[in-house]
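Notes for the structure review
The chain contents come next:
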Amino acid sequence: MNREDIIRMAREAGFTEGDCAVFGDLIAHFGFLVAAAEREECDKELTAAMARERAVSRQAIRSENKLKEIENYYLLYKDDDMDAEKALQRISEVIYETDYLFSRGQDGLR
């Protein structure tokens, strides 16, 4: 946005030609301040959205790791009746931990 754009918008907002001639620099300065504040607000929103996206990605990675852990326990103990109960206990613990972290909105990686 440049000075002419700001003056044009001031006219559209009801400022007269005379107002713009007398207060043009002041109006332009005000417009630049508003634009800078808007850019700053947009930057804050973008930063917050990116942080949320990173948190969701960490949760997905942790869940995938937990699923791999469950699969590994299954593959390790599937043919061994003696340790099957131990594997099922650990699988239950992993599932509980994952559910707990998601219910609290945590990723568990901090």
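Scroll up to find the structure this text is about.
Residues numbered from 1 in each chain as written. Predicted model: local features only at pLDDT ≥ 70, side-chain atom pairs only at ≥ 80, totals over all residues. Heavy atoms only, no water.

Tallying secondary structure elements over the protein gives 3 helices and 0 strands in all. Ordered by position from the N terminus, the helices and strands of the protein form the series α-α-α. Among the 110 residues that make up the protein, the fraction classed as buried is 19%. Long-range pairs, those at least 24 residues apart, make up 49% of the contacts in the protein between residues at least 6 apart in sequence. (Helix = DSSP H or I, 4+ residues; strand = E, 2+ residues; numbered from the N terminus. Buried < 20%, exposed > 50% of the residue type's maximum accessible area, 1.4 Å probe, protein only. Contact = heavy atoms within 4.5 Å.)

So, about the pattern of salt bridges. Evaluated as defined, the whole model comprises 6 salt bridges. The salt bridge involving Arg11 is made with Glu17; its shortest N-O contact spans 2.7 Å. For Arg11, a relative accessible area of 38% gives the class partly exposed. Look at Glu17 and you get exposed, because its relative accessible area is 53%. Within this structure, Asp5, Arg8 and Glu12 form a network of salt bridges that share partners. (Salt bridge = Lys/Arg side-chain N within 4 Å of Asp/Glu carboxyl O.)

What follows deals with the environment of Met9. Topologically, Met9 is positioned in helix 1 (residues 3-12). Exposure remark for Met9: the relative accessible area of 37% places this residue in the partly exposed category. In this structure, the C-alpha to C-alpha distance between Met9 and Ile27, residues 18 residues apart in sequence, is 9.9 Å.

Bringing the nonpolar core into the picture now. The biggest cluster of nonpolar side chains holds 5 residues, and these are Ile6, Ile7, Ala10, Cys20 and Ile27. Among the secondary structure elements, those contributing two or more residues to this core are helix 1 and helix 2 (17-77). Here the element with the most residues in this core is helix 1; it accounts for 3 residues. (Core = buried A, V, L, I, M, F, W, Y, C linked by side-chain atoms within 4.5 Å.)

This part takes up a nonpolar patch on the surface. Side chains of Val22, Phe23 and Leu26 sit close together on the surface and give an oily, nonpolar patch of about 320 Å² of accessible area. The topology assignment puts Leu26 in helix 2. In this structure Leu26 comes out as exposed when scored by relative accessible area, which is 57%. (Patch = residues over 30% accessible without salt bridge, like charges linked within 9 Å, V, L, I, M, F, W, Y side chains within 5 Å. Areas by Shrake-Rupley, 256 points an atom, 1.4 Å probe, with all protein chains shown as cover.)

On to helix 1, then. All buried positions along helix 1 are accounted for by Ile6, Ile7 and Ala10. Each buried residue of helix 1 sits inside an arc of 100 degrees when the element is viewed along its axis, so together they form one side. Among the exposed residues of helix 1, those oriented more than 90 degrees off its buried face are Glu4 and Glu12. N-capping of helix 1 is provided by Asn2, with a side-chain oxygen placed 3.1 Å from the backbone N of Glu4. In the segment just after helix 1, Gly14 is the residue with positive phi, at about 115 degrees. (Arc of directions from axis to C-beta. Polar contact = N/O pair within 3.5 Å; in protein donor to acceptor, adjacent residues only side chain to side chain.)

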